[in-house]
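Descriptive structure summary
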Amino acid sequence: MASGPAPSTAIKASAKAQSRAPRAALRSGPTSRMKNAMLEAVSLVLEKLLFMSNFKFFSSGAPGEDKAGNTLYEINSFLRGDVLEVPRTHLTHYGIYLGDNRVAHMMPDILLALTEDRGLTQKVVSNKRLILGVICRVASIRVDTVEDFAYGAEILVNHLDRSLKKKALLNEEVAQRAEKLLGITPYSLLWNNCEHFVTYCRFGIAISPQADKFCENVKIIIRDQRSVLASAVLGLASIVCLGLASYTTLPAIFIPFCLWMAG
């Protein structure tokens, strides 16, 4: 048979457990909120990356490392001065047909900054050369065959005429403009890419709807006030993980502030 003080002891133990529960909740509350905020920030960043990946950003196309088979092109149907357009996964590449199976197009190429050996630079530009050329902002307006230009992809002819609804110059003038620009040139994904080159030759004005679309998408992301919260939380997390230092504290303050002012 149980002794008399047992119920009192049980009540005291229960009371202590209940008193500990709020304190534990208080201790875990800020941590839980911090974790939730960080998860929300990470999910927002992933959402933005997925959002941006669904658009065709850049107009500096290059052949892949593995050619997608030999596609036969109706070269006889192309006219000198035509704009040839090659749609790719996240970009569209453009060139001007010069006749005789030759296409003038702008291609970033790191080798142009490293060597003047035409035997090396005239080879078809690989993806590695192209990416490094984009980073170094050096390119050339070069002439390649239709096959090397398209690299197995489908070719659209003068599609820009319909999409931009601008009056094109005479085909011969277009081809002559392209031939005059052959050679090394500075490169920029947003301000001087292959679409700028083609539209200048075709319409007399250098524009890039792809670059404009990319800038509009960036504006949408900047104006989303959740980007401010995400950058602030990620900045706070970097300070917690790496400590107070100029390379963590300044970005943690400066980036959210700029997004807030631009929003």
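One numbering rule holds for all chains: residues counted from 1, following each sequence as written. Only residues with pLDDT of 70 or above have their local features reported here, since the model is predicted, and side-chain atom pairs are shown and tallied only from 80 upward, although totals for entire chains, interfaces and linings are computed over all residues. Side-chain descriptors were evaluated using all non-hydrogen atoms of the structure, hydrogens and water having been removed beforehand.

Some words on the sheet that holds strand β1 (residues 83–87)
- A strand pair is defined by DSSP finding two or more bridges across the two strands. Each helix corresponds to a stretch of at least 4 residues labelled H or I by DSSP, and each strand to a stretch of at least 2 residues labelled E; elements are numbered beginning at the N terminus. Here 6 strands make up an open sheet; going across it, the order is β5-β1-β2-β3-β4-β6 and the pairing antiparallel. In this open sheet, the two edge strands, each paired with only one partner strand, are β5 (156–157) and β6 (183–186).
- In terms of strand pairing, β1 meets strand β2 (residues 92–99) through 5 bridges, oriented antiparallel. When the bridges of β2 are listed, leucine 84 appears paired with glycine 95.
- Contacts are residue-level and defined by heavy atoms, with any inter-residue pair within 4.5 Å sufficient. Every axis in this analysis is a line fitted to C-alpha atoms, fitted for helices over the stretch in contact. Angles between the N-to-C directions lie between 0 and 180 degrees. Strand contacts of helix α3 (residues 127–136): β3 (102–108) and β4 (138–145), with the helix running at about 60 degrees to β3, the strand carrying the most contacts.
- Strands in contact with helix α6 (residues 171–180) are β2 and β3; relative to β2, the strand with the most contacts, it is inclined by about 105 degrees.

A word on the UniProt feature "active site" (unreviewed entry) in the protein
- UniProt positions are given in the numbering used here, feature names are shortened, and annotations may be inferred rather than shown by experiment. Residues annotated by UniProt as "active site" (unreviewed entry) correspond here to Cys194.
- Note on placement: cysteine 194 falls in helix α7 (residues 194–203).

With respect to α7
- With 9 of its 10 residues buried, α7 lies for the most part within the structure.
- Taken residue by residue, α7 has Cys194, Glu195, His196, Phe197, Val198, Thr199, Cys201, Arg202 and Phe203 as its buried positions.
- In protein, a polar contact means a hydrogen-donor-capable atom and an acceptor-capable atom, both N or O and within 3.5 Å, with residues adjacent in sequence counting only if both atoms are side-chain atoms; elsewhere, any N or O pair within 3.5 Å suffices. Regarding α7, its N-cap is asparagine 193, as a side-chain oxygen of that residue lies 2.8 Å from the backbone nitrogen of glutamate 195 further along.
- Looking at the residues trailing α7, positive phi occurs at glycine 204, about 85 degrees. The buried label goes to any residue with under 20% of its type's maximum accessible area, the exposed label to any with over 50%, and the partly exposed label to all in between, with areas taken from a 1.4 Å probe on protein chains only.

Considering the packing of aromatic side chains
- The aromatic pairing rule takes the rings of Phe, Tyr and Trp, using the six-membered ring of Trp, and pairs them if the centres are within 6.5 Å, calling planes under 30 degrees apart stacked, those over 60 edge-to-face and the rest tilted. Enumeration according to the criterion identifies 1 aromatic pair in this entry.
- Ring geometry for phenylalanine 78 against tyrosine 97: centres 5.6 Å apart, planes inclined by 70 degrees, an arrangement best described as edge-to-face. Taken together, the residues phenylalanine 78 in the loop between α1 (6–53) and β1 and tyrosine 97 in strand β2 connect sequence positions 19 residues apart. The same class applies to phenylalanine 78 as to tyrosine 97, namely buried.
- In this structure, arginine 177 packs its charged tip against the face of tyrosine 200, placed 4.7 Å from the ring centre. Geometrically, a charge over a ring is one whose NZ (Lys) or CZ (Arg) sits within 6 Å of the ring centre while staying within 35 degrees of the ring normal.

Digging into the confidence of the model for the protein
- For the protein, mean pLDDT is 75; residues scoring 70 or higher make up 63% of the total.
- One number per residue, pLDDT, summarises how confident the predictor is, and it ranges from 0 to 100. At the low end of the mean pLDDT range in the protein sits α1, at 50; at the high end sits α6, at 97.
- Segment residues 21–28 is flagged for pLDDT under 50; beyond a separation of four residues in sequence, or across chains, it makes 0 contacts in the model.
- Long-range and interchain partners of residues 51–70, a stretch whose pLDDT sits below 50, account for 70 contacts in this model, where long-range means more than four residues apart.

Description of the pairing of β3
- Extensive coverage of β3 is indicated by the burial of 6 of its 7 residues.
- Pairing between β2 and β3: 3 bridges, direction antiparallel. Bridging from a neighbouring strand, isoleucine 96 pairs with alanine 104 of β3.
- Here β2 folds back onto β3 in antiparallel fashion, the turn holding 2 residues, of which aspartate 100 has a positive phi close to 55 degrees.
- Relative to β4, β3 runs antiparallel, the two being bridged by 7 bridges. The partner of arginine 102 across the bridge, within β4, is threonine 145.

As for the pattern of salt bridges
- Here a salt bridge means any side-chain nitrogen of Lys or Arg lying within 4 Å of a carboxyl oxygen belonging to Asp or Glu. Following the criterion strictly, the structure yields 6 salt bridges and no others.
- Taking the shortest distance from any N to any O, the salt bridge between glutamate 179 and arginine 80 comes out at 3.0 Å. Of this pair, glutamate 179 sits in helix α6 while arginine 80 sits in the loop between α1 and β1; the two residues are 99 residues apart in sequence, bridging distant segments of the chain.
- Note that aspartate 144 is salt-bridged to arginine 142, the shortest N-O span being 2.8 Å.
- By relative accessible area, arginine 142 is classed as buried at 5%.
- Linked through salt bridges whose partners overlap, the residues forming this network are Arg80, Glu172 and Glu179.

Things to note about unusual backbone geometry
- Phi at asparagine 101 is positive, roughly 65 degrees, even though this residue is not glycine.
- Locating asparagine 101 in the fold gives a position in the loop between β2 and β3.
- The partly exposed category is assigned to asparagine 101, whose relative accessible area is 23%.
- Of note, the phi angle at arginine 137 is positive, near 60 degrees, even though the residue is not glycine.

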